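Letter by letter, the chains look like this.
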Amino acid sequence: AERKCYLLYGSTGWIGGMCKKLLEEGGEWEKGREGSPKEVHCSKIRLENRAGMEEELDRLKPTHVIVAAGLTGRPNVDWCETHKEETIRVNTIGTLNIADTCSQRGIHCMIFATGCIYEYDDKHKIGGPGFTEDDEPNFKASFYSLSKGMLDTLLKCYSNVLTLRVRMPISDDLSGRSFVTKIASYHKVVDIPNSMTVLNDLIPLSLAMSAAKYTGTYNFCNPKPISHNQVLECYKKHLDPDFKWENFTVEEQAKVIAAGRSNNTLDTSKLEKAAKDLSMPLPDIFAALDGAMAGARKNLEAAGNYPAGLPKKLGPGNK
């Protein structure tokens, strides 16, 4: 049987940790795809260390590389505005290092990237057609998105790479990285329909795509857009019946953030076909979010951490 060896970058992160758990435990994503025992290694090499990366690839000889590493900035992407060199070093050069070194060795490489590289425009209005995988990135109001848009375009040149465009990720934990946790802690939020990624459904699908060595770029979101208010209504329903929030406009939001924020709908028809071909579930965002929020409530209660574990509102100016 063909040897299967997975090398995971970013295993200590939020998305990487989910990948690690599912790689080690197996599950739905492996059904009919097992065939042989697999090794799972978690890299400690940083993406900017190309020499260390090459040594590790040559020593472990992985058949599948998964990249869930990168800088989003803490507490948010505003950080990248004042740390442009580090952002390029890790997000652009670093990610290209792994794509390129894998390419030279004929290794399949799956990269968790971002779909925050577009914004609504005349051809893609709210409620209109979504951006496809082939559309040119048009959102450059944050340095994070500018660097990621350039990367997205360059990754298309590599035939060994699978690029997954994640947007506003959510799961059944209330991690500080979750879009729900972020917006639940703000006093005011905008209310704009967006494509979003519920990781509980999509991480297993990503591993099935890696196992089957899919390549190319995929809008990696649940079908249909959902607005901030609809997300918070669902949060309120499952987790906090007394939850309150206010809306403000994009213009008002601009006064409290350093960098612009991407709002878009991505076309998911290519991913829907992949999920169908791989016999993996891909629920629409409303069903997926409902499941994740019900799960978050269950998980908090099981840990004896409800309601204490709910996100707290931030102080003035969302600090």
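Throughout, residues of each chain are indexed from 1 in the direction in which the sequence is written. Only residues with pLDDT of at least 70 are given local features in this predicted model, and only at 80 or more are side-chain atom pairs given and counted; all residues enter the totals for whole chains, interfaces and linings. Each side-chain value is worked out from all heavy atoms of the structure, with water and hydrogens disregarded.

**What to know about the sheet that holds strand β3 (residues 64-67)**
Part 1 of the argument: For two strands to pair, DSSP has to find at least two bridges joining them. Numbering of helices and strands runs from the N terminus, with a helix taken as a DSSP run of H or I at least four residues long and a strand as a DSSP run of E at least two residues long. The 6 strands lie next to each other as β2-β1-β3-β4-β5-β7, forming an open sheet whose pairing is parallel. Strands with a single pairing partner mark the edges of an open sheet, and in this sheet they are β2 (38-42) and β7 (216-219). Here the strands of the sheet are splayed against their neighbours by 15° on average, with no regard to which way each runs.
Part 2 of the argument: Inspection of the sheet shows strand β1 (residues 4-9) paired to β3 by 4 bridges, in the parallel sense. Paired with L8 across the two strands is I66, which belongs to β3. Throughout, an axis means a line fitted to C-alpha atoms (over the contacting stretch in the case of helices), and angles, computed between N-to-C directions, take values from 0 to 180 degrees.

**A short note on the environment of A68**
Part 1 of the argument: On the secondary structure map, A68 appears in the loop between β3 and α3 (78-81).
Part 2 of the argument: Residue burial is assigned from relative accessible area. The probe radius is 1.4 Å, only protein chains are included, and a residue is buried under 20% of its type maximum, exposed over 50%, and partly exposed in between. By relative accessible area, A68 is classed as buried at 18%.
Part 3 of the argument: When the C-alpha atoms of A68 and K156 are compared, they prove to be 18 Å apart, with 88 residues separating the residues in sequence.
Part 4 of the argument: Only heavy atoms matter for contacts: two residues are in contact if any of them lie within 4.5 Å across the pair. For A68, the contacting residues outside a window of four places in its chain are Y9, G10, I15, G16 and F112.

**Some details on the packing of helix α2 (residues 50-60) against helix α4 (residues 84-105)**
Part 1 of the argument: For the pair α2 and α4, the least separation of the axes is 10 Å and the interaxial angle reads 35°. In the crossing of α2 with α4, the sense of the turn from one axis to the other is right-handed. Seen from α2, the contacting residues are R50, M53, E54, L57 and D58; seen from α4, they are G94, N97, I98, D100, T101, C102, Q104 and R105.
Part 2 of the argument: Residue polarity is assigned by list, with Asp, Glu, Lys and Arg as charged and Ala, Val, Leu, Ile, Met, Phe, Trp, Tyr, Cys and Pro as nonpolar; anything else, Gly included, falls into the polar class. Here the residues of the contact of α2 with α4 sort into 4 nonpolar, 4 polar and 5 charged. Definitions for this section: a left-handed crossing has its near helix turned counterclockwise from the far helix by less than a right angle. A right-handed crossing has that turn clockwise.

**Regarding the packing of aromatic side chains**
Part 1 of the argument: Two rings from Phe, Tyr or Trp (for Trp, the six-membered ring) form a pair when their centres sit within 6.5 Å of each other. Planes less than 30 degrees apart are called stacked, planes more than 60 degrees apart edge-to-face, and all others tilted. If you walk through the whole model with that rule in mind, you get 6 aromatic pairs.
Part 2 of the argument: Centre to centre, the rings of Y118 and F131 are 4.4 Å apart; their planes meet at 15°, and the pair counts as stacked. With Y118 in the loop between β4 (108-114) and α5 (143-155) and F131 in the loop between β4 and α5, the pair connects residues that are 13 residues apart, well separated along the chain.
Part 3 of the argument: In this structure Y118 comes out as buried when scored by relative accessible area, which is 0%.
Part 4 of the argument: Against the face of Y218 rests K270, its NZ or CZ located 4.4 Å from the ring centre. A ring is scored as having a charge over it whenever the NZ atom of a lysine or the CZ atom of an arginine sits within 6 Å of its centre and within 35 degrees of its normal.

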